[in-house]
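Residue-level structural notes
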Amino acid sequence: MDERFVLIGARTPVPPPLPAPKWYDGKPVCSMAVLAFIMLGCLCCEVFLPKDPAYMDLLHAAVPPGSEFWFGSDTMGRDIFSMIWYGGRASLLIGFLSAAISAVLAVLFGAVSGLAPKWLDGLVMRLTEIFLSIPSLLLIVFLQAILGRASVWSLSLVIGITGWTAIAKVVRSEVRQLRNSEYVLASRCMGGGFFHILRKHLAPNFFSSIMFMVVMNVRSAIAAESTLSFMGIGLPLEVISWGGMLSLSEKALLSGAWWIILIPGVFLVVTLLCVTNIGSWLRGEGEQRGNNL
Amino acid sequence: MRRKNPFIYYGGKLAGLAVSVFVLSLAVFYIARLAPGDPLVSYYGDRAEKMTAEERAQAEERLGLDEPVHIQYTRWLGRALQGDFGISYKYKTDVTQIIADRLPNTLLLGGTGFAVIFAGALAVGALCAWNEGNLLDRIICKVGTVVSCIPEFWLSLVLILVFAVQLRWLPSSGAYTLGGGGGADRAVHLILPLTVTAAGHLWYYAYMIRNRLLEELRSDYVLLAKSKGLRRRDVLLRHCLRSILPGYLSLMAISVPHILGGTYIVETVFSYPGIGTLSYESARYQDYNLLMLLCILSGSVVILSNMLAQIISERIDPRMRGEMPAEVTEHG
């Protein structure tokens, strides 16, 4: 502004216009970037891996991090840096796969229960409660025993089967609210089948409210895989995953080899944290009203 | 919804419990027997693998495993109703005795864990709501998010690494020193498992309290109380906290099995002699009788605490009564 024409007596200077909201405002950019980095690294790990992750170099067992083994080597002499990227594939795959399985199961059960007559709905809900009352650890041990030798696929199935109930409850209550609406009725009158109504009319309505639960299921599935493999009831030892790497930690504790425990765990926790941040962003933080206190 | 006679109300709940436990026992019985695995191994150890077919048949007959599953079940049910749950294949003593030996350990860990979570979540949640948007609130929320992402077993490992291996301040496993014992010894063994149990759950409930309190703080009665001249502290603690308390109580009732289930993993990592390690062993080694009683026990805890939650929200919260139809409130 030209200094010769300063307005005198202007009480309310015009506030500078707010900067236009950037595309990344409110989005968990950092979490998305880190997660994308980890996923990309796991997917294309063949390109940059310095060593074969499965090769056991028994002469160099439990070597601390250094120039040859960047993240050290484990008690069986495998290179932890290579194992992390390679093992992340199994862990992440199980996370996404079992979240998908549980989402499908939940939508089916929830929609059937929501559309069904009252007695059937009550029965399904009671059975769900009983199902929930078996401790999930025992359920997983059972299911794993029935399915036989654990693989990435069977473990995803088992974790998926044990994790659908919370989503099913949400789907059910949404469906119960929607099922008497005119458009569902109209679609029914025109002969729309169950799956047609579910896909065209119901799913778009409850999609947003279960989306964050599905993402949170990815997180709990990754955590479940690592816990199970750690306890020795998940993936067999030769399949490398983050949890499986941590199952060697008993020996590592005795020898004080901190890198065997800390490094895979940090990767695991960072991944879980990123997924959580994305999940809670999807939930939306609700409206912001002033505090009356 | 009519206000029912309390006998009918609680009687109905008990009948529901009985039916649920029956279905649960049936399901577990069948699943356990369908799962491949050799229960004889858990009874006879490695000897079972070298047995001849004849010896196997004899052993199976002795344990009653040769008959069809439904006959085994009715026999088991008949005995169980008289309080006889059979013997454990692995320990060869009465299963009730084995569980009675281990149960106090789990109750100690789970009970103190529950108390810490219950009180801690209230305190942390109220503190955050009090300082909404402040640095303190933001720090606590961030720390909570990070800690709740850490799997319990890894947190246990890190704590063992730091406090037991590096610093040698605390024991790394067990519930008491062999031969020794006494209150202080038990307490020292409890510190690490308790920390892990509490850390895993505390944040979730604290966050819940914080958000509920903030919702309350936005309601009109807070404005009224404030304009009446009440102090901030009184409004928050006397009015808001009180009005979210019934919801919190019923939430905590539902959380009992989650917290107990969380101790399963913690017990395994710390080799803590409790119900968790026992259930894990019994499921892995087909110790049928032990497994049945453990599943029924933990299942009943889940169902009971769900019912408790329902009763709390239906009966304790006076607002729920107000929402019933007028004729009901007149009688009630």
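Residues numbered from 1 in each chain as written. Chains lettered and ligands numbered in written order. Predicted model: local features only at pLDDT ≥ 70, side-chain atom pairs only at ≥ 80, totals over all residues. Heavy atoms only, no water.

**A short note on the environment of Leu115 of chain A**
- Note on placement: Leu115 of chain A falls in helix H3 (residues 80–115).
- With sequence-adjacent residues up to four places away left out, Leu115 of chain A is seen in contact with Val175, Arg179, Arg188, Phe194 and Leu202 of chain A. (Helix = DSSP H or I, 4+ residues; strand = E, 2+ residues; numbered from the N terminus. Contact = heavy atoms within 4.5 Å.)

**Section: the packing of helix H5 (residues 136–147) of chain A against helix H6 (residues 152–162) of chain A**
Residue and element names in this part refer to chain A.
- Where H5 contacts H6, the axes come no closer than 10 Å and their chain directions differ by 140°. Compared by their axis directions, H5 and H6 come out oblique. Note that H5 runs across H6; the crossing there is right-handed. Listed contacts from H6 to Leu139, Ile140, Leu143, Gln144 and Leu147 of H5 are Ser154, Leu155, Leu157, Val158, Ile161 and Thr162.
- Partitioning the contact of H5 with H6 into residue classes produces eight nonpolar, three polar and no charged. (Axes fitted to C-alpha atoms, helices over the stretch in contact; angles between N-to-C directions. Parallel < 35°, antiparallel > 145°, perpendicular 65-115°, else oblique. Left-handed = near helix turned anticlockwise from the far one by under 90°. Nonpolar A, V, L, I, M, F, W, Y, C, P; charged D, E, K, R; others polar.)

**Focus on the domain arrangement of chain B**
- Assigned domains of chain B: these are domain 1 (6–92) and domain 2 (102–284).
- On a C-alpha basis, the centres of domain 1 of chain B and domain 2 of chain B stand 36 Å from each other. (Domains from an automatic or database assignment.)

**Things to note about the nonpolar core**
- Judged by nonpolar contacts, the single largest core of 164 residues is most densely connected at Leu202 and Phe206 of chain A together with Trp76, Phe153, Trp154, Leu157 and Leu213 of chain B.
- At 17 residues, helix H9 (residues 194–231) of chain A tops the list of elements feeding residues into this core.
- Taken domain by domain, the makeup of this core includes at least three residues from each of domain 1 (6–92) and domain 2 (102–284) of chain B.
- Not counting the four nearest positions on each side in its chain, Leu202 of chain A is found in contact with Leu115, Val175, Leu178, Val184 and Ile197 of chain A. (Core = buried A, V, L, I, M, F, W, Y, C linked by side-chain atoms within 4.5 Å. Buried < 20%, exposed > 50% of the residue type's maximum accessible area, 1.4 Å probe, protein only.)

**What about the packing of helix H7 (residues 165–178) of chain A against H9 of chain A?**
All names here are of chain A.
- Contact pair H7 / H9: the axes reach a minimum separation of 10 Å and the direction vectors enclose 165°. For the element pair H7 / H9, the angle class is roughly antiparallel. Along this stretch, H7 crosses H9, giving a crossing that reads as right-handed. Residues Ala166, Ile167, Val170, Val171, Glu174, Val175 and Leu178 of H7 form the contact with H9, whose participating residues are Leu202, Asn205, Phe206, Ser209, Ile210, Met213, Val214 and Asn217.

**Quick word on the pattern of salt bridges**
- Counting across every chain of the model gives five salt bridges over all chains.
- Two residues, Arg231 of chain B and Asp234 of chain B, come together in a salt bridge whose shortest N-O distance is 3.5 Å.
- One salt-bridge network, in which partners are shared between bridges, spans Asp121, Arg172 and Arg176 of chain A. (Salt bridge = Lys/Arg side-chain N within 4 Å of Asp/Glu carboxyl O.)

**Some remarks on empty space enclosed by the protein**
- Within the structure shown, the criterion is met by five cavities of 30 Å³ or more.
- Counted as a void, the largest cavity has a volume near 50 Å³.
- Around the largest cavity, the lining is made up of ten residues, and of these Phe142 of chain A together with Ala32, Ala283, Gln286 and Leu291 of chain B lie nearest the centre.
- Secondary-structure elements contributing two or more residues to the lining of the largest cavity are H5 of chain A together with helix H12 (275–284) and helix H13 (288–316) of chain B.
- Partitioned by chemical class, the residues of the lining of the largest cavity number eight nonpolar, two polar and no charged. (1 Å grid on protein atoms, 1.4 Å probe; cavity = no way out; pocket = protein on both sides within 12 Å on 5 of 7 lines; lining within 4 Å. Points joined across faces, edges and corners; volume = space filled by probe spheres on them.)

**Concerning the packing of aromatic side chains**
- Following the criterion strictly, the structure yields 15 aromatic pairs over all chains and no others.
- When the centroid spacing of 6.0 Å and the interplanar angle of 90° are considered together, the rings of Phe37 of chain A and Trp85 of chain A count as edge-to-face. Here Phe37 of chain A is found in helix H1 (residues 29–43), whereas its partner Trp85 of chain A is found in helix H3, with 48 residues between them in sequence.
- Under the relative-accessibility criterion, Phe37 of chain A is labelled exposed at 57%.
- Residue Trp85 of chain A is classed as buried on the basis of its relative accessible area, which comes to 6%.
- Centre to centre, the rings of Phe194 of chain A and Phe195 of chain A are 5.1 Å apart; their planes meet at 80°, and the pair counts as edge-to-face.
- Residue Phe194 of chain A is classed as partly exposed on the basis of its relative accessible area of 29%.
- Among the residues examined, Phe195 of chain A registers a relative accessible area of 57% and is labelled exposed.
- In textbook terms, an aromatic cluster arises when at least three aromatic residues are bridged by ring pairs, as seen for Phe37, Phe81, Trp85, Trp242 and Phe267 of chain A.
- Geometry around Trp130 of chain B places Arg232 of chain B over its ring, the cationic atom sitting 4.3 Å from the centre. (Phe/Tyr/Trp six-rings, centres within 6.5 Å; stacked < 30°, edge-to-face > 60°. Lys NZ or Arg CZ within 6 Å of the ring centre and 35° of its normal.)

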